[in-house]
Amino acid sequence: MYDPSQLRTFLAVSQTLSFTQAARRLGVRQSTVSQHVRRLEEAAGRQLFSRDTHSVELTEDGEAMLGFARRILEVHEQATAFFTGTRPRGRLRFGASEDFVLTRLPEILERFRYDHPEVDLELTVELSGTLHEQLAAGRLDLVLAKRRPQDPRGELIRHDRLVWIGAERLRLDPDRPVPLIVYPPPGITRARALAALEEQGRAWRIVCTSGSLNGLIAAAQAGLGVMAHSRGLVPPGLVRVPERAGLPDLGEVDFVLVHGERPGPARHAAEALSSAILAGGDRLHGR
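What this report covers is the structure whose coordinates are included nearby.

1. Notes on the pairing of strand β6 (residues 155-166)
Summarising burial for β6: 9 of the 12 residues are buried, a large majority. Where β6 lies against strand β11 (residues 252-259), 6 bridges are found, and the strand directions are antiparallel. Paired with E155 across the two strands is L257, which belongs to β11. By the bridge criterion, 4 bridges tie β6 to strand β9 (residues 227-230) in an arrangement that is antiparallel. When the sheet's bridge partners are listed, W164 is paired in β9 with A228. Of the pairings in the sheet, the one linking β6 to strand β10 (residues 239-240) comprises 2 bridges and is antiparallel in character. Within β10, the position partnered with G166 by the bridge is V239.

Right, here's the structure in full:
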C-alpha cells in the first residue's frame, strides 16, 4: 500500500519542511518530490502536509504518518539486508555534535545497534567544528553536526534558525556589554554570535565558556547571560530572548551528515547508520 520511495520522500519533506531541500537531499527533481507526496496522500486518503507558496507544515495526519513511515522503512531495510546478505560489520566511528545531547538520538543509535550487532559503534560527542576537523583528519567515519560556513558537503538533516536564549527572568541592560555564554573555539555558534554582535557594533563580554551543552545550560538557567542556539532545540528551562532586547539576527543553520573517506566495511556501516538517522530525523528535535 505504501511505496518505500514515497515514504522516504515524505520523511525528507517532513524533516526539512521544504520540497526544494528534500529534492536536493534525495537527488531528484522537485516535481518528483511533489508527485511522491501526492501519491502517498492518495494512498492514505488523507492530506499529510498543509502548504502554500511560503511554508510547508505537517497536518495531524502527517504527524501520525511519521511513526508509521519510520517503522515501515526500518522493516524494509532489515528485510533487504537479510535477503541480500549485505549486513554491515566492523568498526564505525561516529561523531555527533553537542546540539543533539537532549534529543532522541540515543533511541536511533540503540535501534541501530540492535539491527546491526556486527557493527562496533564508537560514539564521539563534541563541538561541530571539532568533529569536522576530526573527520578531515581521518579519525571519524561519519559526522552529524552543523554545516560549516561555505561548506557545501553533507546530507541535510534539518534546517533551522539560530536564536538567542536565556533564563525567562533575565533582563539585559542596553548600556552594558551583552553577557555571553559560549562554546570554546572552534564552536560554530560561538563564531556566529561574536560576528553578529561585532557587525551590530554591540559590546559583549564572555561570562561562561564550556565544551559541554549541559554546562552552558546550567549557566544560562542561573541567569548569567545569553547563548546562541538552534530554535528547534531550545533546552527545557530556557526561552528565546525577546526582540525588544535588540540583539542581532543570527541567521539560519543546517545540520548535516558528512561521510569520511575510509573505504571498506566502515563505509557500508556508515551508510547504514546514515540511513537510520535520515529515517528517524524527526526525532532530532528538542524534547
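So much for the structure itself; the text now carries on.
2. Side note on the packing of aromatic side chains
Within the structure shown, the criterion is met by 3 aromatic pairs. A centroid spacing of 6.3 Å and a plane angle of 70° characterise the contact between F19 and F49, whose relative ring orientation is edge-to-face. With F19 in helix α2 (residues 19-26) and F49 in strand β1 (residues 49-51), this residue pair connects regions lying 30 residues apart in the sequence. Judged on exposure class, the residue F19 and its partner F49 are both buried. Seen in terms of ring centroids, F100 and F255 are 5.2 Å apart; in terms of plane orientation they differ by 70°. Their pairing is edge-to-face. With F100 in the loop between β3 (90-97) and α5 (105-115) and F255 in strand β11, the pair connects residues that are 155 residues apart, well separated along the chain.

3. Overview of helix α8 (residues 213-221)
Residues L213, L216, I217, A219 and A220 constitute the buried set of α8. Down the axis of α8, the smallest arc covering the buried residues is 165°, so these residues share one side. Taken together, the buried residues of α8 touch β7 (178-182), β8 (204-209) and β9. The N-cap residue of α8 is S212: its side-chain oxygen and the backbone nitrogen of N214 are 3.2 Å apart.

4. A word on the side chain of D254
Locating D254 in the fold gives a position in strand β11. A polar contact of 2.5 Å, which involves the side chain of D254, links it to the side chain of H159. D254 has contacts with A145, K146, R147, L156, R158 and H159, leaving out every residue within four places of it along the chain.

5. What about the pattern of salt bridges?
Counted by the stated rule, this structure contains 13 salt bridges. A salt bridge links E41 to R51; the shortest N-O distance between them is 3.4 Å. Of this pair, E41 sits in helix α3 (residues 30-44) while R51 sits in strand β1, placing them 10 residues apart in sequence. Residue E41 is classed as buried on the basis of its relative accessible area of 12%. The partly exposed category is assigned to R51, whose relative accessible area is 39%. Taken together, the shared-partner salt bridges connect R158, D160 and R231 into one network.

The rules behind each value
- Residues numbered from 1 in each chain as written.
- Predicted model: local features only at pLDDT ≥ 70, side-chain atom pairs only at ≥ 80, totals over all residues.
- Heavy atoms only, no water.
- Buried < 20%, exposed > 50% of the residue type's maximum accessible area, 1.4 Å probe, protein only.
- Helix = DSSP H or I, 4+ residues; strand = E, 2+ residues; numbered from the N terminus.
- Pairing = 2+ DSSP bridges.
- Phe/Tyr/Trp six-rings, centres within 6.5 Å; stacked < 30°, edge-to-face > 60°.
- Arc of directions from axis to C-beta.
- Contact = heavy atoms within 4.5 Å.
- Polar contact = N/O pair within 3.5 Å; in protein donor to acceptor, adjacent residues only side chain to side chain.
- Salt bridge = Lys/Arg side-chain N within 4 Å of Asp/Glu carboxyl O.

By themselves, these observations are geometric and do not establish any function.
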